[in-house]
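Fold and geometry: a report
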Amino acid sequence: MGIQRVKSKWAKTNALLQSDTLSGHIPETIQWSREGLQTMLDECGMLYVKPDQGTFGGGVIRIEKVDEDHYTYQLGTKLRTFPAFVQMADRLERELGSRPYLIQKGIELLKYNGRRFDIRVMVQKNLRDRWETTGIIGRLGHPLKVVTNYHSGGKPMTFETLMGSHLSPKAVKSYNNWLRTLGVSVASQLQTVYPRIKEIGIDIAVDTDFNPWILEVNTMPDPYLFRKLPDKKVYLKVSKYCKAYGRFRKKKRSSPRKT
């Protein structure tokens, strides 16, 4: 049987919320509604609205309530400002259309040279069919965009470089090990609901108090991102496991037609 893929962010979030241990690392997330947007915006001040299905950070919108007379939202590089919630929500609803969206509490990310970054944690089934965290890489966000994805202009960087601007080398190593353990826990929990998954990519936000937050989980993560690391052994292991569980199946060559 093939590798199981789960497109719905809402479905994956609910699967992880079943774990008491992991639920504390998931930002408050609800399905889109105008009423929910206003309630969460009043409570949190900053939110992300994202499509329930989608990749590469496409369609993600950052919304802020600056004060009662000042609301903003940003999609891509375009920042819009509104004098009231009603006007902002009206424009946003036209932007979203009929696609299902989620609202997620915004996390104030750590920064490197003034730019936000997050962490991608790659977890795979190894050659013994056990979950193993095989790669951790940082993604430095484009200075003009709200997402950090490589395909949206983010810059892949080593975890040690990004976190090393905030923590000692010993603390960075300890945090790396902790994320590896967290990654296996996320994969194991997700597998209880989706038993045929073989790989996941976890997007982790680290806030200014160094708390890790699980932003979302991708069941078809990009393995090629790890080619950007200077340590080539990481990608070699990622690739080896991908091949073992069938991610890189070779396409059958069609037989030449007889004439």
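This write-up is about the structure you can find in this document. The structure displayed is predicted, hence computed values, not measured ones.

Topologically, Asp 67 is positioned in strand E3 (residues 61-67). As a C-alpha pair, Asp 67 and Asp 42 span 25 residues in sequence and 9.7 Å in three-dimensional space. Within the local environment of Asp 67, its side chain forms a polar contact with the backbone nitrogen of Asp 69, the two atoms lying 2.9 Å apart. Side-chain polar atoms of Asp 67 contact the backbone nitrogen of His 70, separated by 3.0 Å.

Per the counting criterion, the structure on display carries 16 salt bridges. Here Glu 68 makes a salt bridge to Lys 65, at a shortest N to O gap of 3.0 Å. Among the ionic contacts, a cluster of salt bridges with common partners joins Asp 118, Arg 120, Arg 139 and Asp 203.

What follows deals with the layout of surface pockets. Taken as a whole, the second largest pocket holds about 260 Å³ of empty space. Forming the boundary of the second largest pocket are 16 residues, of which Ile 136, Glu 160, Asn 176, Arg 180 and Val 234 lie nearest the centre. Those elements that place two or more of their residues in the lining of the second largest pocket are strand E9 (131-140), helix H6 (169-193) and helix H7 (232-244). The biggest single contributor to the lining of the second largest pocket is E9, with five residues. Residues that form the lining of the second largest pocket fall into these classes: four nonpolar, six polar and six charged.

Here we take up the packing of aromatic side chains. The full count for this structure, using the stated rule, is six aromatic pairs. With a centroid separation of 6.4 Å and 35 degrees between ring planes, the pair formed by Phe 159 and Tyr 175 is classed as tilted. Taken together, the residues span a long stretch of sequence, with Phe 159 in helix H5 (residues 159-163) and Tyr 175 in helix H6 at a distance of 16 residues. For the pair Phe 159 and Tyr 175, one class covers both residues: buried. A connected cluster of aromatic rings, assembled from ring pairs, spans Phe 159, Tyr 175 and Trp 178.

Criteria and cut-off values
- Residues numbered from 1 in each chain as written.
- Predicted model: local features only at pLDDT ≥ 70, side-chain atom pairs only at ≥ 80, totals over all residues.
- Heavy atoms only, no water.
- Helix = DSSP H or I, 4+ residues; strand = E, 2+ residues; numbered from the N terminus.
- Polar contact = N/O pair within 3.5 Å; in protein donor to acceptor, adjacent residues only side chain to side chain.
- Salt bridge = Lys/Arg side-chain N within 4 Å of Asp/Glu carboxyl O.
- 1 Å grid on protein atoms, 1.4 Å probe; cavity = no way out; pocket = protein on both sides within 12 Å on 5 of 7 lines; lining within 4 Å.
- Points joined across faces, edges and corners; volume = space filled by probe spheres on them.
- Nonpolar A, V, L, I, M, F, W, Y, C, P; charged D, E, K, R; others polar.
- Phe/Tyr/Trp six-rings, centres within 6.5 Å; stacked < 30°, edge-to-face > 60°.
- Buried < 20%, exposed > 50% of the residue type's maximum accessible area, 1.4 Å probe, protein only.

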